[in-house]
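# Results of the structural survey
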Amino acid sequence: MANKLNDLKDLLQYELKDLYSAENQLSKALPKMAKSAKNEKLRTAFEHHLEETKNQIKRLEQVSKDIKVDIKGEDCEAMKGLVKEGEEMMKEDAKDAVHDAGLIASAQRVEHYEIAGYGTVVRYLEMLNMKDAAKLMEETLKEEKETDKKLTKLAEEINAEAMS
Ligand code: FE
Ligand code: FE
Ligand code: FE
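Notes on the structure in this doc start here. (Residues numbered from 1 in each chain as written. Chains lettered and ligands numbered in written order. Predicted model: local features only at pLDDT ≥ 70, side-chain atom pairs only at ≥ 80, totals over all residues. Heavy atoms only, no water.)

### A few points about the coordination of the iron ion (ligand 2)
- Bound to the iron ion (ligand 2) are the protein donor atoms Asp-18 (OD), Asp-18 (OD), Cys-76 (SG) and Tyr-113 (OH), situated 1.8 to 2.4 Å from the metal.
- Because the angles between the four donor atoms bound to the iron ion (ligand 2) fall within 57 to 138°, the donor set is best described as irregular.
- Each donor residue of the iron ion (ligand 2) lies on one chain, and together they are spaced D-x57-C-x36-Y. Here Asp-18 is found in helix H1 (residues 8-36), whereas its partner Tyr-113 is found in helix H4 (residues 96-127), with 95 residues between them in sequence. (Donors = N, O, S within 2.8 Å, 3.2 Å for Na, K, Ca; no water. Tetrahedral: all angles 85-135°; square planar, octahedral: opposite > 155°, others 65-115°. Helix = DSSP H or I, 4+ residues; strand = E, 2+ residues; numbered from the N terminus.)

This is the structure in structure tokens:
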């Protein structure tokens, strides 16, 4: 179905819908990833990010209210694919550290997708002078970047284990 996009605010709504769908899919995927992680620090990281994700969903709903745009009813196909690839990875017959290293690779793809989406939305909100909403989305963007960094850090240890 074609959306009518006349200006940057329409495109903003389009991007917010995508993020809202992506985050909702993640709130269902992250518990499975946590359960699947063998390394305790990695499991805790996923659990922590699940809590952040629930709050990120609330922020999107707050922004939707603030700027009066509907963000429901879209399906982020990319996140569907990323989650599916992650699920396939979890089913492989891999040694513990290799399995966890693969989980991190999947999770970082997700974080990068989110960083791209929130980066875009923050910029649009700033340009549209929607300062409160921009601030909220900036908070989420920061969390996604922090999560990515944390995963990189965990990977240093886990990838090394996966080598032997
Ligand atoms: Fe998120
Ligand atoms: Fe998408
Ligand atoms: Fe995230």
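Still to come is the rest of the account.
### Structural notes on the pattern of salt bridges
- In total, this model carries nine salt bridges according to the counting rule given.
- Ionic pairing is found between Glu-87 and Lys-32, a salt bridge with its closest N-O pair at 3.3 Å. Residue Glu-87 is found in helix H3 (residues 77-91), and its partner Lys-32 is found in helix H1; the two are separated by 55 residues along the sequence.
- Judged by its relative accessible area of 27%, Glu-87 is partly exposed.
- On the accessibility criterion, Lys-32 (44% relative accessible area) is partly exposed.
- Here Lys-80 ties to Glu-77 by a salt bridge, and the two come within 3.8 Å at their closest N and O atoms. Taken together, the residues Lys-80 and Glu-77, both in helix H3 and three residues apart, mark about one turn of the helix. (Salt bridge = Lys/Arg side-chain N within 4 Å of Asp/Glu carboxyl O. Buried < 20%, exposed > 50% of the residue type's maximum accessible area, 1.4 Å probe, protein only.)

### A closer look at the coordination of the iron ion (ligand 3)
- Looking at the iron ion (ligand 3), the protein donor atoms are His-49 (NE2), Glu-111 (OE), Glu-111 (OE), Glu-114 (OE) and Glu-144 (OE), and they sit 2.1 to 2.6 Å from it.
- As a motif over one chain, the donors of the iron ion (ligand 3) read H-x61-E-x2-E-x29-E.
- The two metals, the iron ion (ligand 3) and the iron ion (ligand 1), are separated by 3.1 Å and share Glu-114 as a common coordinating residue. Taken together, the residues Glu-114 in helix H4 and Glu-144 in helix H5 (residues 131-163) connect sequence positions 30 residues apart.

### Quick notes on unusual backbone geometry
- Here Lys-68, not a glycine, exhibits a phi torsion of approximately 55°, which is positive.
- Among the structural elements, Lys-68 can be located in the loop between helix H2 (40-66) and H3.
- Positive phi outside glycine occurs at Asn-129, with the angle close to 60°.
- Structurally, Asn-129 can be placed in the loop between H4 and H5.

### Quick notes on H2
- Taking 1.5 Å per residue, 27 residues should reach 39 Å; H2 reaches 39 Å between its end C-alpha atoms and fits that length.
- Two or three places before Lys-41, at the opening of H2, Asn-39 has a side-chain oxygen 2.8 Å from that residue's backbone nitrogen.
- Following H2 by one or two positions, Lys-68 adopts a phi angle in the positive range, close to 55°. (Expected span 1.5 Å × (residues − 1). Polar contact = N/O pair within 3.5 Å; in protein donor to acceptor, adjacent residues only side chain to side chain.)

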